[in-house]
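# Architecture at a glance
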There are 2 protein chains.
Amino acid sequence: MEIDQEIRGIALAARSASRVLAAVRSGVKDQALEEMARSLGEQSDEILSENSKDIDAGKKKGLGPALLDRLLLTPERIEGMVKSLDEVRNLPDPVGEITRMWTRPNGLVIGRMRIPLGVIGIIYEARPNVTVEAASLCLKSGNAVILRGGSEAIYTNRKLGQILAGAAGQAGIPDAAVQVISRTEHEAVDILLAQDEYIDVIIPRGGEDLIRKVVELSRIPVLKHYKGTCHVFVDAGADLDKAFDICFNAKVQRPGVCNAMETLLVHKDIAREFLPEMATRFREARVELRGCDRARQIIPDMKPAEERDWFAEYLDLILAVRIVDNLEQGIEHIRKYGSDHTDAIVTEDYSNAQRFLREVNSSSVMVNASTRFSDGFQYGLGAEIGISTTRLHAYGPMGLEELVTTKFIVLGSGQTRES
Amino acid sequence: MEIDQEIRGIALAARSASRVLAAVRSGVKDQALEEMARSLGEQSDEILSENSKDIDAGKKKGLGPALLDRLLLTPERIEGMVKSLDEVRNLPDPVGEITRMWTRPNGLVIGRMRIPLGVIGIIYEARPNVTVEAASLCLKSGNAVILRGGSEAIYTNRKLGQILAGAAGQAGIPDAAVQVISRTEHEAVDILLAQDEYIDVIIPRGGEDLIRKVVELSRIPVLKHYKGTCHVFVDAGADLDKAFDICFNAKVQRPGVCNAMETLLVHKDIAREFLPEMATRFREARVELRGCDRARQIIPDMKPAEERDWFAEYLDLILAVRIVDNLEQGIEHIRKYGSDHTDAIVTEDYSNAQRFLREVNSSSVMVNASTRFSDGFQYGLGAEIGISTTRLHAYGPMGLEELVTTKFIVLGSGQTRES
């Protein structure tokens with residue numbers, strides 16, 4: 001079949017499955033999720049064998065060890081997928097929930113009821129577990145999903161898609177509720193992103209380049225974040241022990257992820273007390289520091305930071321360090337260089353904590369906590385389909401609630417309008 | 001100045017005003033709204049004199065009486081604007097509201113706090129009262145606004161913009177928080193819609209052609225509805241008196257608006273009892289009926305409805321009428337031909353009412369009430385900046401809550417993440 005015919009067909013089938021899925025009961029969706037978990041477990045040998053084709057192809061193509069590791073499935077990792085399906089099944093169904101209800105003077109009862117968004121397209125890179133996680137979250141929230149993973153994982157994803165769609169079918173849900181695009185041509189993405197008639201939202205997951213490409217091409221709204229240039233501001237009134245622990249954790253515990261700290265801002269009045277010991281701890285963890293002039297007066301062996309360092313998302317053991325005069329300058333720095341992802345203040349000063357919380361409008365704003373907590377699971381959302389740093393519809397980690405919208409329901413007893 | 005330089009300058013100034021405005025206290029915003037109301041009242045003669053220039057120009061251009069009436073300001077209409085400013089001032093400020101707060105097992109307190117969207121662009125047609133209403137709602141919700149009204153109202157809108165920005169300035173808010181585009185070239189809209197770096201959302205208000213053009217051109221997300229093809233389904237179990245009143249009200253009370261009924265669906269088992277009297281009442285109100293074959297067997301003097309009638313938004317005293325076999329067929333018709341605006345069922349049957357509420361996913365779904373209630377004021381939102389029929393961010397009438405988003409706030413006491 002022609003590729004654009006095929007992709008359009010997938011989108012159309014998803015739209016029509018989404019209509020059925022929107023009206024399906026929680027119990028049926030949970031049955032599908034249970035069936036998915038069972039099938040994944042039962043067919044783990046087949047999955048591993050398809051996965052080994054991807055791994056072999058990846059080795060031939062010369063993929064690096066990090067990428068190969070992301071691609072690789074093991075019995076334990078399949079077990080992890082099964083567990084994540086069980087966890088999603090156990091979350092409350094957001095669909096049909098009435099979030100509020102009130103009565104008007106004329107007796108009309110007005111309510112807001114949660115309903116699915118419709119059809120969700122997920123565009124992602126190597127990790128095959130995204131296939132399972134995204135499919136289960138979309139299904140639980142009553143949305144049909146179209147999955148387009150990286151071409152490196154195509155054998156694995158095809159197999160997973162087959163299993164997931166088959167399990168949905170077993171529970172009586174149209175199997176087009178979960179579809180994996182099996183064409184590996186880049187063109188497939190372009191065509192997918194033009195189906196604004198059938199697809200309601202696109203969620204890309206991956207590096208900044210992938211996201212920018214998706215945003216550039218898409219005629220469909222995109223929920224996304226480009227990068228996480230996260231800041232910790234150590235205020236003059238900080239508790240130093242908390243500051244050491246939080247900054248160390250935010251940078252070192254897992255430097256390759258979007259909620260790791262990339263720039264440390266330090267109030268000038270505490271810099272001489274705070275920076276030397278902090279620098280020692282970072283040095284022991286092999287963190288490369290790049291500082292402003294004033295920071296380098298205190299820690300002379302720091303590299304000088306350039307303008308581009310303030311914008312950088314290193315995703316590595318590198319940290320930009322800047323000394324600022326006061327809270328205002330710290331907030332101003334975050335506004336100018338930040339990415340609206342996650343920014344934290346360490347302070348015992350009540351007023352400064354309040355000001356930071358009110359005036360920094362990043363999607364996650366923290367007091368006395370590591371930026372690494374910025375995550376749907378850590379926040380207790382029970383799941384995470386991604387993080388949004390644009391303000392429309394969702395801002396911050398997105399869980400099931402961000403995969404639904406609310407309609408108005410109006411319960412009358414014959415009311416008519418007079419003016 | 002070059003036009004694209006001018007429009008970019010406006011967008012940039014709005015972005016920078018929005019940063020200030022987001023952190024401004026409620027009291028200051030309310031003071032600005034009070035000042036706006038006072039200035040409008042004081043300068044009503046100047047407004048009327050600018051308005052008469054628009055009216056004169058409109059007459060020369062040969063605008064029809066309906067359009068001229070929409071353009072026209074009178075002392076009473078200015079009084080209405082002043083009153084609307086007072087009403088917006090009295091609404092609760094959505095910014096800073098914490099909608100929820102919960103504690104995690106590690107002691108982290110997570111909350112969701114409402115913050116402004118940023119910069120909102122409003123593109124609209126003739127009515128100058130939109131200038132005042134939209135500006136006040138954006139200001140109250142902490143957003144900077146760029147207003148682009150119809151060229152027919154340019155003198156009036158310029159004057160209103162001057163007054164509103166001046167009043168904001170008096171209260172200490174940057175006057176770029178409210179800007180009216182004074183260039184009348186069509187090109188200005190194209191340039192405005194390309195400023196996705198500075199403008200967060202576009203809300204177009206007007207006819208379907210305007211909206212389609214905005215959506216086509218915009219690189220910025222658009223909150224909109226194209227049209228309202230609203231249905232009333234009279235079920236077999238309907239209370240006939242309620243059905244007569246609701247259908248009559250939904251069609252006749254104000255036929256030219258988007259929440260008026262355009263198609264009447266009737267269950268076959270009640271059609272012979274219901275349609276003759278209903279048709280008589282419509283005939284007395286000079287409503288032209290266009291029916292399906294079965295409806296015309298009952299009311300032979302109906303015109304035959306064609307396929308395009310089921311899609312039509314007449315905005316006039318015309319009504320399409322169709323007899324359906326059952327609730328399913330009624331819902332199917334609404335899905336196929338509807339516009340996701342407002343659809344109602346008239347029934348005394350509990351199960352059918354519940355099914356209709358759950359399975360019709362239009363932005364407003366009603367039982368035993370006139371579709372004419374689909375409106376932010378009628379729902380008790382206190383205001384309405386427009387209606388959205390796309391599901392992302394807002395669905396249905398949009399009030400102040402739809403002009404804000406929520407960020408996550410995290411209150412810690414030194415927590416770090418272990419895994």
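Residues numbered from 1 in each chain as written. Chains lettered and ligands numbered in written order. Predicted model: local features only at pLDDT ≥ 70, side-chain atom pairs only at ≥ 80, totals over all residues. Heavy atoms only, no water.

### A few points about unusual backbone geometry
Note on backbone geometry: most residues besides glycine have negative phi, and most peptide bonds are trans. All names here are of chain B. Here the phi dihedral of aspartate 340 falls at roughly 60 degrees; this positive angle occurs in a residue that is not glycine. Looking at the element boundaries, aspartate 340 is found in the loop between helix H14 (327-337) and strand E12 (342-346). You can call aspartate 340 partly exposed: its relative accessible area is 30%. A positive phi is found at asparagine 368, a non-glycine position, where the angle reads about 50 degrees. Relative to the assigned elements, asparagine 368 resides in strand E13 (residues 364-369). (Helix = DSSP H or I, 4+ residues; strand = E, 2+ residues; numbered from the N terminus. Buried < 20%, exposed > 50% of the residue type's maximum accessible area, 1.4 Å probe, protein only.)

### Description of the pairing of strand E3 (residues 119-124) of chain A
Residue and element names in this part refer to chain A. Burial runs high along E3: six of the six residues are buried. Residues Val119, Gly121 and Ile123 of E3 are buried on one face, and the alternating residues Ile120, Ile122 and Tyr124, pointing to the opposite face, are buried as well. Bridge count for E3 against strand E4 (residues 144-148) is five bridges, and the pairing is parallel. Bridged to isoleucine 120 within E4 is valine 145. In this view, the connection linking E3 to its parallel neighbour E4 by way of helix H6 (residues 129-140) has right-handed handedness. In the sheet, E3 pairs with strand E6 (residues 201-205) via five bridges, with the strands oriented parallel. Looking at E6, one finds that isoleucine 120 is bridged to valine 201. (Pairing = 2+ DSSP bridges. Right-handed = clockwise from strand over helix to strand, strands pointing away.)

### Notes on empty space enclosed by the protein
Overall, the coordinates contain one cavity of 30 Å³ or more when judged by the stated rule. Looking at the lining of the largest cavity residue by residue, the class counts come to three nonpolar, five polar and two charged. (1 Å grid on protein atoms, 1.4 Å probe; cavity = no way out; pocket = protein on both sides within 12 Å on 5 of 7 lines; lining within 4 Å. Points joined across faces, edges and corners; volume = space filled by probe spheres on them. Nonpolar A, V, L, I, M, F, W, Y, C, P; charged D, E, K, R; others polar.)

### So, the confidence of the model for chain A
When pLDDT is averaged along chain A, the result is 96; 100% of the residues meet or exceed 70. Quick note on the complex model: pTM equals 0.94, ipTM equals 0.95. (pLDDT = per-residue confidence, 0-100.)

### What to know about the relation of the copies chain A and chain B
With an axial shift of 0.0 Å and an RMSD of 0.0 Å, the rotation relating chain A to chain B amounts to 180 degrees. Considering both components of the superposition, the chain copies are consistent with a two-fold axis. If distances are taken from each C-alpha of chain A to the rotation axis, the shortest is found for histidine 393 of chain A, at 1.8 Å. An overlap of 100% is found between the interface residues of chain A and their copies at the interface of chain B, pointing to a shared contact surface. (Least-squares fit on C-alpha atoms with pLDDT ≥ 70 in both. Contact = heavy atoms within 4.5 Å.)

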